[in-house]
Amino acid sequence: MAAPGTAAGGTVLEDHLTHLAAALLPFRQCEQLLARWGADLAQRLAGGGRLLVAGNGGSAAEAQHLTAELVGKLRDDREPLSAIALHAETSAMTAIGNDYGYQEVFARQVRAHGRPDDILLLMSTSGTSGNLLTAARAGRDAGLRCWAFTGPAPNPLAELCHETLAVDSPESQVVQELHLVATHVLCEYVDRSLPAALAARTTGATPVRTGVEVVLGDAPDREVQAR
């Protein structure tokens, strides 16, 4: 008879590691996507852009972890990069929730802080959180580039975002753990790409955005990785 709290197939740890190992093989396919995202993010941040990140519960902690690595540092010292975890704005979030409803707690902040060509990264294990779906629509309407970290795809959030890193696991804990790996790898690629992006800014090859930009048209070039 299995001990209390353990699954029939083994101990809690053994079962957890089995689920994690099953998700690791398809997750390796995310390398190219994360490298491209890191280079893109480095260029946009070096050019005066901003990263907005949001999530609920454990994904909120993941989102704040990501912004901390960018505003602070991952490993080596460098200039701070503009990244905001929207859920960490507690007074704004509770006021918005009270006045406009919980569905709007992130979307209204996206409208306030986001500018065309900024990046909005939304994290959800289910891909169905209503406040993140509303934020994705607000981001696209405002001309932001929308990315998502989710669990298995297809899911509604992946459909709304331009590109998605989808972890193929039915276990939400495993999904969140691999989102943390993806966060660290993404930041590593940002740091690798940043010197060239800053050099391009200095030489004028990538001008700093000022004022208001108008983006015409829509390019729903969604991509789902690691399914």
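Details of the structure are given in the entry above.
The structure reproduced in this document is the subject of the present report. (Residues numbered from 1 in each chain as written. Predicted model: local features only at pLDDT ≥ 70, side-chain atom pairs only at ≥ 80, totals over all residues. Heavy atoms only, no water.)

So, the overall build of the chain
Heads up, the condition is: Secondary structure is summarised from DSSP: a helix means a run of H or I of at least four residues, a strand means a run of E of at least two, and numbering begins at the N terminus for each. Categorising residues by exposure relies on relative accessible area from a 1.4 Å probe, with only protein chains included: less than 20% of the type maximum marks a residue as buried, more than 50% marks it as exposed, and the intermediate range marks it as partly exposed. Contact between two residues is taken to exist if any of their heavy atoms lie within 4.5 Å; hydrogens are not considered.
The helix and strand inventory of the chain stands at eight helices and six strands. Secondary structure elements of the chain, listed N to C terminal, follow the sequence α-α-β-α-β-α-α-β-α-β-α-β-α-β. Of all 227 residues assigned to the chain, the portion counted as buried reaches 45%. Contacts spanning at least 24 positions in sequence make up 74% of the contacts within the chain whose residues lie at least 6 apart.

Brief notes about the pairing of strand β3 (residues 119–124)
Rules: At least two DSSP bridges between two strands are needed for those strands to be called paired.
Among the six residues of β3, six are classified as buried, and the element is accordingly described as predominantly covered. Side-chain alternation along β3 places I119, L121 and M123 on one buried face and L120, L122 and S124 on a second face that is also buried. As paired elements, strand β1 (residues 51–55) and β3 share five bridges and run parallel to each other. Residue pairing for β3: A54 is matched across the bridge by L122.

A word on the pairing of strand β5 (residues 163–166)
Along β5, one buried face is formed by E163 and L165 and the opposite face, lined by T164 and A166, is buried too. Here strand β4 (residues 145–150) runs beside β5; their pairing, made up of four bridges, is parallel. Pairing of T150 across the sheet is with A166, part of β5.

Points about the packing of aromatic side chains
Definition in use: Put simply, two rings from Phe, Tyr or Trp (the six-membered ring, in Trp's case) pair if the centres are within 6.5 Å, and we call them stacked under 30 degrees between planes, edge-to-face over 60, tilted for the rest.
As enumerated under the stated definition, the model contains two aromatic pairs in all. With a centroid separation of 4.3 Å and an interplanar angle of 5 degrees, the aromatic rings of W37 and W147 are classed as stacked. On the criterion of sequence distance, the pair formed by W37 in helix α2 (residues 31–46) and W147 in strand β4 is long-range, its members being 110 residues apart. Judged by relative accessible area, W37 falls into the buried class, the value being 0%. Overall, W147 belongs to the buried group, its relative accessible area being 0%. With a centroid separation of 6.1 Å and 5 degrees between ring planes, the pair formed by W37 and F149 is classed as stacked. With W37 in helix α2 and F149 in strand β4, the pair connects residues that are 112 residues apart, well separated along the chain. Across the pair, exposure class does not vary: W37 and F149 are buried alike. Put simply, the rings of W37, W147 and F149 pair up and form one aromatic cluster.

Distances and angles like these do not, on their own, reveal function.
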